[in-house]
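# Descriptive analysis of the structure
For reference, the chains in residue letters:
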Number of protein chains: 2
Amino acid sequence: MEATAQEVDAAVRAAHEVRGALADRAVRSAFLRAAADELEAAKDGLVETADAETALGPVRLTGELARTCYQLRAFAGIVDEGAFLDVVINHPDDTATPPVPDLRRYKVPLGVVAVYSASNFPFAFSVAGGDTASALAAGCPVVVKAHPDHPALSEYVAKMLRRAAARHGIPEGVVGLVHGFDAGVELIKHPLVAAAGFTGSVRGGRALFDAAAARPVPIPFHGELGSLNPVVVTEAAAAERAEAIGSGLAGSMTLGVGQFCVKPGLVLAPAGAAGDALLKSLTDAVSDTDAGVLLDHRMRDNFVAGVAERAQLPDVDSPVTPGAGGEHTVSAGFLTVPASRLTAEGEHDLLLEECFGPVTVVARYEDEAEVKAVLSRLPGNLTATVQLSEEEAAGQGGGAELLRELTPLAGRVLVNGWPTGVAVAPAQHHGGPYPATTSTSTSVGGTAIERWLRPVVYQNTPPALLPAELRDENPLGLPRRFNGRLER
Amino acid sequence: MEATAQEVDAAVRAAHEVRGALADRAVRSAFLRAAADELEAAKDGLVETADAETALGPVRLTGELARTCYQLRAFAGIVDEGAFLDVVINHPDDTATPPVPDLRRYKVPLGVVAVYSASNFPFAFSVAGGDTASALAAGCPVVVKAHPDHPALSEYVAKMLRRAAARHGIPEGVVGLVHGFDAGVELIKHPLVAAAGFTGSVRGGRALFDAAAARPVPIPFHGELGSLNPVVVTEAAAAERAEAIGSGLAGSMTLGVGQFCVKPGLVLAPAGAAGDALLKSLTDAVSDTDAGVLLDHRMRDNFVAGVAERAQLPDVDSPVTPGAGGEHTVSAGFLTVPASRLTAEGEHDLLLEECFGPVTVVARYEDEAEVKAVLSRLPGNLTATVQLSEEEAAGQGGGAELLRELTPLAGRVLVNGWPTGVAVAPAQHHGGPYPATTSTSTSVGGTAIERWLRPVVYQNTPPALLPAELRDENPLGLPRRFNGRLER
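How each quantity is defined
- Residues numbered from 1 in each chain as written.
- Chains lettered and ligands numbered in written order.
- Predicted model: local features only at pLDDT ≥ 70, side-chain atom pairs only at ≥ 80, totals over all residues.
- Heavy atoms only, no water.
- Least-squares fit on C-alpha atoms with pLDDT ≥ 70 in both.
- Contact = heavy atoms within 4.5 Å.
- Helix = DSSP H or I, 4+ residues; strand = E, 2+ residues; numbered from the N terminus.
- Expected span 1.5 Å × (residues − 1).
- Buried < 20%, exposed > 50% of the residue type's maximum accessible area, 1.4 Å probe, protein only.
- Arc of directions from axis to C-beta.
- Domains from an automatic or database assignment.
- Buried area = accessible area lost by both parts, 1.4 Å probe.
- Salt bridge = Lys/Arg side-chain N within 4 Å of Asp/Glu carboxyl O.
- Nonpolar A, V, L, I, M, F, W, Y, C, P; charged D, E, K, R; others polar.
- Pairing = 2+ DSSP bridges.
- Polar contact = N/O pair within 3.5 Å; in protein donor to acceptor, adjacent residues only side chain to side chain.
- UniProt positions renumbered as here; feature names shortened; annotations may be inferred.
- 1 Å grid on protein atoms, 1.4 Å probe; cavity = no way out; pocket = protein on both sides within 12 Å on 5 of 7 lines; lining within 4 Å.
- Points joined across faces, edges and corners; volume = space filled by probe spheres on them.
- Disulfide = S-S within 2.5 Å.

This part covers the relation of the copies chain B and chain A. For these two chains of identical sequence, chain B goes onto chain A by a turn of 180° and a shift of 0.0 Å along the axis, with RMSD 0.0 Å. Here the symmetry operator amounts to a two-fold rotation axis. The fraction of interface residues of chain B whose copies in chain A are also interface residues reaches 100%, indicating that both copies meet through the same surface.

As a further point, take helix H1 (residues 5-17) of chain A. Residues and elements named next belong to chain A. A rise of 1.5 Å per residue sets the reference length of H1, with its 13 residues, at 18 Å; its end C-alpha atoms lie 18 Å apart and thus fit the reference within 8%. Within the sequence span of H1, burial applies to Val-8, Ala-11, Val-12, Ala-15 and His-16. Buried residues along H1 cover an arc of 135° about the axis, so they all sit on one side. Summarising the geometry of H1, the exposed residues directed more than 90 degrees from the buried face are Gln-6 and Glu-17. Taken together, the buried residues of H1 touch strand S3 (112-116), strand S4 (142-145), strand S5 (175-178), helix H7 (181-189) and strand S6 (193-199).

Let's shift gears to the domain arrangement of chain A. Residues and elements named next belong to chain A. The domain boundaries assigned to chain A delineate domain 1 (5-225 + 439-482) and domain 2 (230-415). Between the C-alpha centres of domain 1 and domain 2 the distance comes to 35 Å. With 10 residues of domain 1 at the interface, the matching set in domain 2 holds 10 residues. Both sides together, the interface formed by domain 1 and domain 2 hides about 830 Å², and carbon and sulfur atoms give 58% of it. Considering only the side of domain 1, the residues that lose the most area to domain 2 are Asn-120, Asp-149 and Glu-224, jointly responsible for 44% of the buried surface there. Joining domain 1 to domain 2, the criterion identifies 0 salt bridges. Looking at side-chain class alone, the side of domain 1 that touches domain 2 contains 4 nonpolar, 3 polar and 3 charged residues.

Residues and elements named next belong to chain A. As summarised here, the arrangement of the 3 strands in space is S10-S13-S12, forming an open sheet in which the pairing is antiparallel. The open sheet is flanked by strand S10 (292-293) and strand S12 (323-324), the only strands paired with a single partner. Strand direction decides the pairing type here: S12 and strand S13 (residues 329-331), joined by 2 bridges, are antiparallel. Within S13, the residue paired with Gly-323 across the bridge is Ser-331.

With 77 residues of chain B in contact, the opposing surface of chain A contributes 78 residues. Summing both sides of the interface, chain B and chain A together bury roughly 5900 Å²; the carbon and sulfur share of this comes to 61%. For the chain B face of the interface with chain A, the top three residues by lost area are Ala-427, Leu-465 and Arg-488 of chain B, together amounting to 12%. The interface formed by chain B and chain A holds 2 salt bridges in total. A salt bridge links Glu-81 of chain A to Arg-481 of chain B, with the nearest nitrogen and oxygen atoms 2.9 Å apart. Put simply, chain B and chain A have 32 residue pairs in polar contact (both at pLDDT 80 or more) between them. For the side of chain B that touches chain A, a count of residues per class yields 47 nonpolar, 15 polar and 15 charged. As paired elements, strand S18 (residues 453-459) of chain A and strand S17 (residues 410-415) of chain B share 3 bridges and run parallel to each other. When the bridges of S17 of chain B are listed, Gln-459 of chain A appears paired with Leu-414 of chain B.

For the rest of this paragraph, the subject is the UniProt feature "domain: Aldehyde dehydrogenase" (unreviewed entry) in chain A. UniProt records the feature "domain: Aldehyde dehydrogenase" (unreviewed entry) at residues 2-425 of chain A, using the numbering of this structure. For residues 2-425 of chain A, the helix share is 43%, the strand share is 19%, and the end-to-end C-alpha distance is 36 Å.

The next thing to look at is empty space enclosed by the protein. Residues and elements named next belong to chain B. Counting across every chain of the model gives 4 cavities of 30 Å³ or more. Space inside the largest cavity adds up to approximately 100 Å³. Looking at the largest cavity, it is lined by 13 residues, and the ones nearest its centre are Lys-263, Gly-265, Glu-353, Cys-355 and Val-359. For the lining of the largest cavity, the leading source of residues is strand S15 (residues 359-365), giving 3 residues. Class assignment of the residues belonging to the lining of the largest cavity gives a composition of 6 nonpolar, 3 polar and 4 charged. For the second largest cavity, the calculated volume is near 80 Å³.

Let us now look at the state of the cysteines. Going through the model one piece at a time under the given rule, you end up with 0 disulfides over all chains. Here Cys-69 of chain A stays free of any disulfide, with the sulfur of Cys-261 of chain A as its closest cysteine sulfur at 20 Å. For Cys-69 of chain A, a relative accessible area of 1% corresponds to the buried category. Cysteine Cys-261 of chain B shares no disulfide, and the gap to the nearest cysteine sulfur, in Cys-355 of chain B, comes to 15 Å.

Here it is as structure tokens:
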């Protein structure tokens, strides 16, 4: 089943050959909507196939499929609106230094996009996920590297996408699919691959990032690699609602058996009575959580070993010991450590690395200086969360300052919420300083389309030769910047 | 004068420390305008210093300084308008899948930007050039690596920028300056450097790009490396105005002694009488061009050697032999070759590499198939130009198809013009497929500011804690996307 180098080459060439079929935006948006329709029509079979391969359960998988279809339709809307083309038109201006000729700029698709599927989102971050949806929306054919945890589902989804393509006259090469580790490496090196999207581990993602950068012609590599997702609970917040914060944290860190990239993995909670109450609530809620099945055995092994390695560090306690549950399952739990152990380099830095699965680390701080010191040592994150008291949220106290400190750490900053659950919305940003992502872009939300485009400007080009998008009379009704003025 | 590793570290730390002084957009735009004022006030001294180091002459240098000041003020306007913040606000929506919380996104500065100066633009692509102007506009302090061809001018310009900063209460660390090759390497590796801009050679740029990608935390590297800037002259265009095209080409390829990154370096001209007439005109005009001084001796040596190596290839003629002029000067010229020599891999591929200086290669084609074959083998370019007949420009004939073929090759496509002269305008795009640039961004024009920003979204954040840019009531009057609707 693993693709040979020749098969990878054939898939990429097929995708490259059909790129012209995506040139018309109306065809693209119709294709994306048809893809959502096809996936919905095949819902029962898709969810059954996905559950057999991932054990994520029909409820979660049905929801994830709905999200995936919503996302495809959202990108269809974005294609129709056309704001992403970023049209800018300047008429000639002889008063400028140097003089400005007639310039008309918009964005064109980069070419074939390589998409690397994630284990933990068989629908939303895999064959028909956000990378594919945004690349097709941009006008780029894709070749997807299937995740080995769900090969049959990958084939099934690809078939539905190709069926949708056929309905609109687009050849099936528009969605290629390859299996196998070596195929993934071949793919990133292929001269006709113009960009890549990836969701996965730091190790795998960095290796592919390095390969993309080392090509004779380097290409953009948009990878989402890993994130600790710190949470800061202020003294006042803990005093006000220790129980709610403890149970909320338990819900977020155990959701999906802790297999979300935005799982809160480090919580800064106050020492003292309020923090103790928070821990009591967390203990109760986590103890009540059923053991769960991780996506594959390698992940289970890594989780069990990762927890054990962390738990044996000096001053680390495990009020609820996470680890092996049954033969295939793992049980949720959490570790505690004095925050002072994390304020300077040392063996406890292991606690600042992501541990995939249902575990979090609660670092108990004595004062704000310790919070600041720990925050200053964190790597980049997808999210950073702060739990504030009612008064702090209203602007009294250090809430604003805390937000200012968290902003450099992450791409999404939350107040009094939990990071799990990434909404698909125009304003969404799912990305952050490395290793959260390898670029400044997002893999969720409307602006994800920007990753697969590059600008081109036409200078002094006669109207008869201009693309319709760039004509003065704006026949397509596009939002644009016209002689400096924003037109919507 | 070369900076030690310690001095580089001190400059980067100083820049990092003062980043808060750029937080206020009003301060930033005032600073940029003050910088333009200071440079203009020092015009005579600056031009004299620049001419002594580069021999580019007072006319060209005065114009370049004016362009640089225009650019600083243009970015001030962009900062004031605030569209670059890309504000997107979504109110909660429970009907979405999954439900959308309150999300408010805008862009924040990345941090300290390393700027690598160019030899050939001592003002416009150096200490106060486009990279610096756009980085400061984005809110990023800079540390500039001076070009060894104009160290005294670099110090002078940095002094003017710091004086402008002081006028608005910004510490002088906001513009750092370091000299020396090793300092440049230290700079790209410094943990507090968040991004880099570069204009220069493929070799130097690629080495720095590789170093940026190999860091423990990789950073964006926006480099402009090299470009052949192909020109296609159609049979009909040559028949219609051979003389004008020949003399126009001569003017463009010899402008600034051929030291522009957008110099036309490969011209596809028809075989036969019309093409002969074009060559005659080119020969006359180039022969009339005075010998000129290149920026430094290394460039002169490379030019003389590069021309000689190309001229000895089979079937290559040099109707006007370019090469050594006087002791310090070089003379302009051009080479010709049958286009059939360039349609398949071979020793003639050397002609598809940029040769810095006043030389171009005219490839004579027999038919359109040869044109297509040569275009399909070109590396990425900053520009691609087509010379069309009146009828073709009006939409009759193959003009539109030619534009479609040129678009994948370049970031700027010109009709019936010449690529030299890069206007500073909102619609400008100065970039292109590798090796033209190492990213999809531009180094000239308003969107150059996007290179130094990253998005952050705030989720369910109480109004009292939100930055003013993200409040519903829009106190700063920013263009934005509000619940899906574009507001301008």
